[in-house]
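Analysis of the macromolecular model
Chain by chain, the residues run as shown.
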Amino acid sequence: MNDAVGPGDLVLCVNAAPNHGTGEPVPLVAGETYRVLSVLDFGCPCGRSDALLDVGIGFAWCQTRFRLLPKPKFEAKPRRVSVPKVKETVR
């Protein structure tokens, strides 16, 4: 997942279990989306991931807690075209 995730991407929290290193509760909420602020290329102490994600809550979290959300696709919307009005001359 490290190659696919970058700063500014949206990720979905799928695992809000207690911290697997210390056992303390985490401030993340399962089912919530977070914006990635940075990707830290340090291996997680659990050995399950090769990077940590900074989402602005706490310090950094194992990337196995998150799933990358697809980027929104641009939808072309029809635009109104302005047509110049034709003026008739009245005599």
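So, a few notes on the structure that sits alongside this text. No experiment lies behind these values; they were computed from the predicted model shown.

**Digging into the overall build of the protein**
Secondary structure assignment for the protein yields 0 helices and 6 strands. When the helices and strands of the protein are read in sequence order from the N terminus, they spell out β-β-β-β-β-β. Here the protein has a C-alpha radius of gyration of 23 Å; the compact-globule value for 91 residues is 12 Å, and the former is much larger. By its C-alpha atoms, the protein is 90 × 25 × 15 Å across when sized along the principal axes. Taken across its 91 residues, the protein has 26% of its residues classed as buried. Restricting the contact set of the protein to residue pairs at least 6 apart, pairs at least 24 apart contribute 49%.

**Remarks on the pattern of salt bridges**
Enumeration over the complete set of coordinates arrives at 1 salt bridge. Its salt-bridge partner being Lys71, residue Asp9 comes within 3.7 Å of it at the nearest N-O pair. Here Lys71 lies in the segment after strand 6 (66-68) and Asp9 lies in the segment before strand 1 (10-13), a separation of 62 residues in the sequence. Since its relative accessible area comes to 61%, Lys71 is described here as exposed.

**Some points on the nonpolar core**
Within the largest apolar cluster, 11 residues are counted, these being Val5, Val11, Cys13, Val26, Leu28, Tyr34, Val36, Leu53, Val55, Trp61 and Phe66. Residues Leu40, Cys44, Ala60 and Cys62 belong to the second largest nonpolar core, which totals 5 residues.

**Notes on the sheet that holds strand 5 (residues 61-62)**
Strand order in the open sheet formed by 3 strands is 3-4-5, and the pairing between neighbours is antiparallel. Each edge of the open sheet carries a strand with a single partner, namely strand 3 (38-40) and strand 5. Two strands pair when backbone bridges link them, and strand 4 (residues 52-54) and strand 5 are joined in this way by 2 bridges, in the antiparallel orientation. From the neighbouring strand, Leu53 faces strand 5, where its bridge partner is Trp61.

**Notes on the pairing of strand 1**
A one-sided burial pattern is seen for strand 1, the buried positions being Val11 and Cys13 and the unburied ones Leu10 and Leu12. In terms of strand pairing, strand 1 meets strand 6 through 3 bridges, oriented antiparallel. The residue of strand 6 that forms the bridge with Leu12 is Arg67.

Quick notes on the rules
Residues numbered from 1 in each chain as written. Predicted model: local features only at pLDDT ≥ 70, side-chain atom pairs only at ≥ 80, totals over all residues. Heavy atoms only, no water. Helix = DSSP H or I, 4+ residues; strand = E, 2+ residues; numbered from the N terminus. Rg over C-alpha atoms; globule rule 2.2 N^0.38 Å. Buried < 20%, exposed > 50% of the residue type's maximum accessible area, 1.4 Å probe, protein only. Contact = heavy atoms within 4.5 Å. Salt bridge = Lys/Arg side-chain N within 4 Å of Asp/Glu carboxyl O. Core = buried A, V, L, I, M, F, W, Y, C linked by side-chain atoms within 4.5 Å. Pairing = 2+ DSSP bridges.

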